[in-house]
Structures are given as structure tokens and as C-alpha cells.
Amino acid sequence: MRKPPGASDNLTAYTFLLPWLFGFFCLTLGPMLGSLYLSMTKFNLLSPPNWIGLSNYLAIFTEDSTFTRSLTVTFTYVFLSVPLRLIFALLVAIALNKGIRALGIYRTVYYLPSLLGGSVAIAIVWRQLFEGTGVVNQLLARIGIEGPSWISHPDYIVYTIVTLSVWQFGSAMVIFLAGLKQIPADLYEASEVDGAGKLRQFFRITLPLLSPVIFFNLIMSIINSFQAFTPAFMIGDGRGGPLDATMFYTLYLYLKGFSYFDMGYASALAWIMLLIIAIFTAIVFVTSKYWVFYGDGKEGR
Amino acid sequence: MKKSMLALTLTALMTVMAACSGTSGGPAAGGESTKSGSSNQGVTNTTQPAEGGEASGEQVELRVMWWGDQARADRTNEALKIFMEKNPDIKVIGEFAPSSGYFDKLNTQLASGTAPDVFFLGGNVVDYAKKGVLLDLSLYIDKELNLKDMDKAMIEYGTLDGKLQHISAGANARGILINTTMFEKAGIPVPQDGWTWDDYAAISKQISEKLGKGFYGTYNFTVDGFDIFLKQNSKQLYDMANNQLGFAEADIRPWFDYWQQTSEAGGVVTPELQVSNPPTDTGKSLLITGKVAMTLAASNQLTAMQGLTQDKLTLVQVPRGPKGTGVVFESSQGMSGYAKTEHPAEAARLMSFWINDPDAAKILGNDRGVPVTAANRTLLEGEANEVDSLIYDYTSRVSKQAETEPFAVSYNLPGFSEFSKLAETTVQEIGFGRKKVEQAVTDFYGGTVKIFDSNK
């Protein structure tokens with residue numbers, strides 16, 4: 001009376017998977033389908049949703065100028081903050097990889113900002129620093145530059161937020177550091193014998209061997225940056241001001257849903273965001289075969 | 001192989017992570033998932049009353065929520081404590097949030113069915129009444145809810161769609177708040193009631209010129225004074241009786257032009273400063289620091305503002321338009337019950353206590369505006385300090401004016417928070433030179449119509 005071995009194996013596997021499956025279906029897939037449905041309704045949070053088909057999507061793409069502006073702001077933020085943060089993280093990681101003493105302490109100190117960076121408190125500190133009469137402008141005044149009001153002029157505020165994001169380079173740095181430690185030292189020795197300079201070593205050895213790590217960090221940073229909310233909410237006026245210069249996509253979505261009672265519209269915005277992130281991730285994946293090297297000799301272009 | 005596994009894992013990871021954000025707008029609709037979330041949020045802000053008295057089985061629990069700073073919270077909690085002493089069968093739990101996040105929090109709670117039994121609303125009461133989430137208090141009048149002494153105009157204001165849905169907790173009248181010390185420094189006489197908008201622009205310019213760089217005549221209150229301007233020109237923001245907009249594009253153009261010209265002349269604060277030190281943020285207001293001489297403010301704000309500065313402040317009536325000042329006594333904020341509350345009668349008792357009880361009035365003072373019952377007004381006037389007397393003097397001037405030039409009580413537009421954001425953006429577009437006034441006003445009116453249609 002033995003069951004075929006395959007079936008009982010499956011049962012065991014599914015039993016162990018059960019908690020995850022439960023979480024996935026109830027906490028992820030369920031709400032996702034719910035929001036897909038809501039995105040095709042007019043729903044003001046308080047009365048039952050009304051089915052309106054694709055009208056929300058149509059309105060977003062044809063007549064919503066705030067949508068286009070929020071996309072512009074978000075793209076500006078992503079395209080500035082992601083490369084800057086990664087470059088900065090890589091440079092610091094290389095500096096820390098020189099075998100200095102008390103590495104653990106430095107690593108921790110530099111890692112701290114990325115734990116704190118998303119928090120409301122740090123956003124408020126940033127606000128204080130970059131105020132018209134804040135520390136940054138006082139320092140600039142010392143060297144004779146009259147700084148603009150970083151947080152109240154629509155042309156500058158997004159850069160203030162970008163600096164906050166760059167400051168959170170810690171988690172990318174820790175990953176880079178681990179990647180750097182994996183690179184065999186004999187490669188450097190060999191190239192040195194052959195007469196390669198530091199710069200050449202960096203571009204010919206370090207970068208290619210680090211590319212899988214860069215790839216990973218790039219994807220995580222892109223996804224994170226598209227979803228930035230707290231800094232825009234706290235450093236701006238919480239309503240996307242001044243002049244929609246802090247109207248990040250997520251903030252717009254939040255305002256639509258929770259302040260303007262238009263949850264259907266907000267759900268539609270959320271789905272568009274999902275698509276945008278998916279497209280960007282896909283692009284990175286597709287191009288990855290041209291620049292990511294796994295060093296196992298099976299690149300297989 | 002290894003690579004494709006990685007790719008697969010990462011894709012899965014990406015989907016899950018993006019999904020987290022994708023649904024963040026949605027789950028409130030699902031109900032279940034947010035229910036626990038928002039009630040937790042409520043508890044974090046809860047100020048437990050000092051009362052140790054364990055529920056005697058019969059005790060009813062009532063949740064009340066308001067917005068404001070710590071000073072207001074202290075006063076409110078003290079008043080609630082007196083209410084509990086006088087009504088031992090009711091236990092009140094107070095919650096409060098700063099004004100910036102208050103309505104988002106309330107909306108979430110309403111959506112998930114966990115809203116407090118009684119909550120404060122401002123000019124946006126129309127929005128909530130339209131959505132049918134407010135308790136009809138009509139049934140409790142003359143029983144739990146004593147309105148005999150309450151101003152008729154305020155009762156009328158709280159009656160929406162023929163049902164009493166809102167009890168004003170304080171009244172005020174808007175006026176021009178003036179830093180008289182700055183006028184002294186500039187050697188310009190303090191303006192008097194009865195002035196006109198041309199006077200206002202000229203005086204603003206004079207102040208800026210006499211005091212020099214970094215000093216300004218006035219804040220830009222295009223948005224806050226919008227409805228006043230309309231009323232002065234026999235229009236209104238919202239024609240509630242016919243459920244339509246009370247103005248056309250041509251009606252508002254002169255108002256935006258006026259501010260643009262006054263700004264160009266140099267009398268108005270720069271847009272940057274208006275953003276970094278908004279007039280509504282009492283702590284940062286440039287009126288307090290003696291950089292801006294005039295702004296539009298509600299009369300009850302004088303108390304808070306005067307408390308923060310040595311400069312002497314005063315209130316003068318709003319400059320006159322063709323039909324007069326357009327200012328009347330209006331409700332600054334008030335209480336509404338939650339339509340789904342389990343204790344409507346107790347909620348009504350609390351509101352009745354709030355407006356009628358002399359002990360409560362003494363504690364609450366003019367923080368939310370002048371009391372709405374004649375008895376409590378007399379009571380407070382009796383022990384008024386210098387600043388209070390200024391307010392009473394001002395409000396009585398407004399009342400007298402209103403007798404000869406009556407204006408109907410007006411309501412905010414449905415979709416008010418989206419509308420006010422749009423108006424603010426429009427002013428900034430003009431201020432930062434992104435759009436010409438004409439274009440900005442056209443876009444603004446188009447946007448207003450859209451918001452109105454979506455919320456009416």
C-alpha cells in the first residue's frame with residue numbers, strides 16, 4: 001500500500017511551502033488583483049466602486065498633466081540618484097578595500113545612513129540643512145557664494161533629495177565590498193608584472209569581475225528609487241509642492257488615493273508604475289549579457 | 001544555467017517588490033488588510049485619560065479625534081476630562097494628529113470603518129457630508145443636544161442636505177493681520193477699516209520700499225482670499241443650492257492680475273519665501289519675525305501669533321470690493337459624528353457639552369474660534385485679556401458691518417483639498433514665472449471644473 005514516491009515528496013514540499021504560499025496568495029496576489037479591479041472603477045473610498053472600464057487609464061494618458069510632471073520628476077530623480085549612488089558606493093568600497101585597520105568600524109559607520117536614510121527624522125534633518133538659512137548655505141556663504149533656497153525653489157529641491165539618496169550609499173557599498181574581496185589577488189599581481197597601471201587594473205580587472213554585483217545593485221537601486229516616497233513627502237510640502245517639483249510618482253499616487261478620494265485612479269497609477277519598473281528591469285536584464293561577466297567561462301553570448 | 005536561475009530569481013524578486021508598491025494604493029479598498037493597520041495607528045496617538053476608573057460594565061467608550069498642536073491637545077484633553085467627570089457613564093478616548101496628516105488619517109479610518117465616533121472637520125465638511133459618512137444629529141436636538149443658545153447662522157451652516165451634520169466648535173471672522181511695529185518703523189500710519197484693494201497694494205509697496213531689502217508689505221493670499229474676492233464681486237465659490245460652480249473664468253482673472261501687479265511692484269513676499277515660510281505655519285510666519293507686515297488671517301489666529309512675538313499685532317477689516325468686505329462670521333471648525341457610530345446619543349451629549357458648558361468654554365477659550373453660544377461668549381469676554389479684547393473688538397466690528405452688508409454663509413467646493421492644491425500650484429506657476437497669468441487662469445479654471453465634476 002505504498003504511494004508512489006513522487007506524490008508524497010510533492011506533499012512534503014507543498015507542506016513546507018504552505019506558509020509562503022499562504023502569504024503570496026493572501027497578502028500579495030489577492031490585493032494585487034483587488035487593485036487591478038479597482039483601477040477600472042471610480043472608487044471614492046466610502047461608497048462602493050463603480051465600474052468604468054479603462055477610463056482611468058485613458059484619463060491618465062490623455063489629460064493628466066500632473067501625471068506627466070510626476071513622471072518627469074521621478075525619472076530625473078532615478079537617473080541622477082542611481083548612478084551617483086552606485087559610483088559613490090563603489091569608490092568608498094574600493095577605498096575601504098585597501099586593507100586598512102578597523103575596517104569593521106568604517107564599514108558600520110558608512111552603512112548606517114542607509115538604515116536611517118529612509119526615515120522621517122533624517123528627511124527633516126535634510127530639510128533643516130538645506131533651508132534658506134541652513135548649514136549648507138552658511139558654509140557656502142563662508143566661501144562667498146550666496147546659495148539659493150534649496151528646498152523652496154522648484155528648480156533645486158529635487159537635487160536636495162538626490163543628495164539624500166546618494167548619502168544612503170551604505171548597503172550598495174557593503175555588497176560591493178564583498179564583491180571586491182572575491183576578486184583573486186593573483187590577477188592583480190600578474191597584471192602588475194605585465195606592467196598595468198592602477199587605472200588599467202580597475203577597468204580591466206575590477207570592473208569586469210565586479211559586474212555581477214553591479215548588476216544586482218543596479219536593479220535594486222532602480223526599483224528602490226522609483227518607489228521613493230518619504231524624502232519627497234517630508235522635504236517637500238507633502239503635497240508635491242513647490243510647483244509639483246517634489247511630486248514623485250508614489251506621492252502623487254498617495255495623494256490621489258488618500259487625500260483626493262480617488263482610489264480607483266490611484267490603483268491605475270500603481271499598475272502603470274508596476275509596468276514602468278518591469279520595463280526598466282527587463283531592459284537591464286536584456287542588456288546584461290553584453291556587460292555582465294560571471295567569470296566561469298560560460299558567458300555564452 | 002546558473003545565470004538563468006539568477007535571472008529567474010531576480011525577476012521573481014522584482015515582481016514581488018514592485019507588487020508591494022503596486023498594491024499600496026489598493027488595499028484600503030480590500031478592507032480587511034488595512035483594518036488592523038489603521039486601528040493600530042489610531043492607538044499610537046491615543047492619549048489615555050488619567051481616569052483610572054475601570055469600566056463599570058455600563059460605561060460607554062467614545063473616541064474623539066481632532067487636529068492641532070500640543071497646546072490645543074492639552075486644552076482639549078482637560079475639557080474631555082471634565083466631560084467624563086460630569087458624565088461618569090462615558091469614557092472618552094482622545095486622539096489627535098497634526099493638521100498636515102489629519103485628513104489622510106481620517107480618510108483611511110473612514111474607508112476601513114474604524115473612524116472615531118466624533119471628529120473635527122473644517123471647511124471641507126461638504127466633502128464628507130456628500131459621501132454620507134456623517135451622523136444625522138437632527139434626531140437628538142432638544143434631547144441630548146441642546147442648541148437653544150447656539151447662533152442660528154451656525155446651526156444653518158451645519159445643516160447640509162436638510163440634516164444637521166455638523167456642530168461648529170468656534171467661529172471667527174477673517175481679517176488683515178497687521179504687524180503694527182513694522183508700520184511704525186516705516187513711518188506709515190496703520191490702515192483703518194474701509195480701505196480698498198488699491199490702498200492695500202499701495203501700502204504694501206510703501207512698506208517694502210521704506211524698510212528695504214528682505215522686508216515685504218504682504219504675503220500672497222490669492223488662494224486664501226479667493227472666496228472673499230468672489231463674494232465682494234457678488235459671486236461665490238460653490239453654489240450649493242444648484243450644485244454648481246459659483247464663478248466663471250472671467251470672474252477670477254482680475255484677482256490673479258491684481259496679485260501679479262502687486263508682486264511686480266515689489267510689495268509681495270517672493271514665492272521662495274512664501275514656500276519656505278508659509279503664512280499658515282504660525283511658527284515660521286514672517287509676520288512674527290517682523291519681515292512681512294500684513295496677511296489674511298482668521299481672527300482666532302491672533303492669539304497664537306501674538307504669543308510668539310514682541311511686535312504688536314492687530315486686526316483690520318479686509319479691503320473693500322464693489323459689494324463690501326465679503327467677510328462674515330464663519331465656522332472655523334466643528335464636530336461631526338460618524339454615521340456608523342454605535343453611540344450616537346452619547347456623541348450628541350459630548351457635542352452639547354462642548355458648546356454649552358461654561359467650564360469647558362473657560363478651558364477651551366478662543367483656541368478654535370469664538371464660542372458659538374451667546375452665554376459662553378459673554379463669559380469669556382468677562383475675563384478677556386488684552387489680545388482677546390482685540391479679537392472681540394474686531395469680531396464685533398465685523399458683525400456690525402454684516403448688519404448693513406449681509407453676506408450668505410458659504411461653503412467650500414467639493415474636492416476641496418485637490419482644488420486648493422491646484423490653486424496653490426497656479427499661484428506658484430505665476431510667481432516663478434512658468435506661466436503668464438492668462439494661461440495660468442485658463443488652466444486653473446479647466447482643472448477646477450474637472451475636480452468639481454469628479455466630486456460633486
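Keep in mind that this is a model prediction, so the values were computed, not measured.

Chemist: So what's going on with the overall build of chain A? Which residues, and what values?
Modeler: Helix and strand counts for chain A come out as 13 helices and 2 strands. The C-alpha atoms of chain A give a radius of gyration of 24 Å, which is well past the 19 Å a tight globule of 301 residues would have. Expressed along its principal axes, the backbone C-alpha trace of chain A runs to roughly 85 × 75 × 35 Å. When each of the 301 residues of chain A is scored for burial, the buried share is 36%. For chain A, long-range pairs separated by at least 24 residues make up 68% of all intrachain contacts whose partners lie at least 6 apart in sequence.

Chemist: Describe unusual backbone geometry, naming the residues involved and giving the relevant values.
Modeler: One non-glycine residue, Asp244 of chain A, lies in positive phi territory at about 60°. Of note, Asp244 of chain A is situated in the loop between α11 (230-235) and α12 (249-259).

Chemist: Break down the domain arrangement of chain B for me, citing the residues and quoting the values.
Modeler: Residue and element names in this part refer to chain B. Looking at chain B, the domain boundaries give domain 1 (57-170 + 332-390) and domain 2 (174-327 + 413-455). On a C-alpha basis, the centroid separation for the pair domain 1 and domain 2 is 29 Å. Listed per partner, the contact involves 14 residues of domain 1 and 11 residues of domain 2. Listing elements by their share of the side of domain 1 that touches domain 2, those giving two or more residues are α6 (125-130) and α17 (386-404). For the side of domain 1 that touches domain 2, the element with the most residues is α6, which contributes 3 residues. A class-by-class count of the residues in the side of domain 1 that touches domain 2 yields 4 nonpolar, 6 polar and 4 charged.

Chemist: Any chance you could break down the nonpolar core for me, citing the residues and the numbers?
Modeler: Counting 178 residues, the largest nonpolar core has Leu269 of chain A together with Leu177, Leu350 and Met351 of chain B as its most contacted members. When residues in this core are grouped by element, the largest group, 11 residues, is from helix α13 (residues 263-291) of chain A.

Chemist: Tell me about the UniProt feature "transmembrane region" (unreviewed entry) in chain A, and name the residues and values.
Modeler: Residues and elements named next belong to chain A. Under the local residue numbering, the UniProt record ascribes the feature "transmembrane region" (unreviewed entry) to residues 12-38, 75-96, 108-126, 156-180, 201-223 and 268-292. Annotated as 100% helix and 0% strand, the span residues 12-38 places its first and last C-alpha atoms 37 Å apart. From the first C-alpha to the last, residues 75-96 spans 31 Å; its make-up is 100% helix and 0% strand.

Chemist: Summarise the sheet that holds strand β8 (residues 174-179) of chain B; cite the residues concerned and give the values.
Modeler: Strand pairing in a sheet relies on backbone hydrogen bonds, with the paired strands running either antiparallel or parallel. All names here are of chain B. As summarised here, the arrangement of the 4 strands in space is β9-β12-β8-β13, forming an open sheet in which the pairing is mixed. Taken across any chain shown, the strands that pair with only one partner, and hence form the sheet edges, are β9 (216-218) and β13 (313-316). Going from strand to strand, the sheet's axes swing by 25° on average, the running direction of each strand aside. As judged from the 5 bridges shared by β8 and strand β12 (residues 292-298), these two strands associate in the antiparallel manner. Paired with Ile176 across the strands is Leu296, a residue of β12.

Chemist: Before we move on, can you summarise the pairing of strand β4 (residues 118-121) of chain B with the specific residues and values?
Modeler: All names here are of chain B. Both faces of β4 are covered, namely the face carrying Val118 and Phe120 and the face carrying Phe119 and Leu121. By the bridge criterion, 2 bridges tie strand β2 (residues 60-67) to β4 in an arrangement that is parallel. Of the residues in β4, the one forming a bridge with Met65 is Phe119. Here β4 runs beside strand β14 (residues 330-337); their pairing, made up of 4 bridges, is antiparallel. When the sheet's bridge partners are listed, Leu121 is paired in β14 with Gly334.

Chemist: Describe the packing of helix α2 (residues 55-63) of chain A against α13 of chain A, with residues and values.
Modeler: Residue and element names in this part refer to chain A. Running from N to C, α2 and α13 point in directions that differ by 70°, and their axes come no closer than 9 Å. The angle between α2 and α13 falls in the class roughly perpendicular. The element α2 and its partner α13 pack so that their crossing is right-handed. In this structure, α2 contributes Asn56, Tyr57 and Ile60 to the contact, and α13 contributes Gly264, Tyr265, Ala268, Leu269 and Ile272.

Chemist: A description of the confidence of the model for chain B should follow, citing residues and the corresponding values.
Modeler: Residues and elements named next belong to chain B. For chain B, the average pLDDT comes to 82, and 88% of its residues sit at 70 or higher. When mean pLDDT is compared element by element in chain B, β4 scores highest at 93, while helix α2 (residues 27-30) scores lowest at 34. ipTM for the predicted complex: 0.79, alongside a pTM of 0.80.

Definitions and cut-offs
- Residues numbered from 1 in each chain as written.
- Chains lettered and ligands numbered in written order.
- Predicted model: local features only at pLDDT ≥ 70, side-chain atom pairs only at ≥ 80, totals over all residues.
- Helix = DSSP H or I, 4+ residues; strand = E, 2+ residues; numbered from the N terminus.
- Rg over C-alpha atoms; globule rule 2.2 N^0.38 Å.
- Buried ≥ 20, exposed ≤ 12 C-beta atoms within 10 Å, placed from the backbone.
- Contact = placed C-beta atoms within 7 Å.
- Domains from an automatic or database assignment.
- Nonpolar A, V, L, I, M, F, W, Y, C, P; charged D, E, K, R; others polar.
- Core = buried A, V, L, I, M, F, W, Y, C linked by C-beta atoms within 7 Å.
- UniProt positions renumbered as here; feature names shortened; annotations may be inferred.
- Pairing = 2+ DSSP bridges.
- Axes fitted to C-alpha atoms, helices over the stretch in contact; angles between N-to-C directions.
- Parallel < 35°, antiparallel > 145°, perpendicular 65-115°, else oblique.
- Left-handed = near helix turned anticlockwise from the far one by under 90°.
- pLDDT = per-residue confidence, 0-100.

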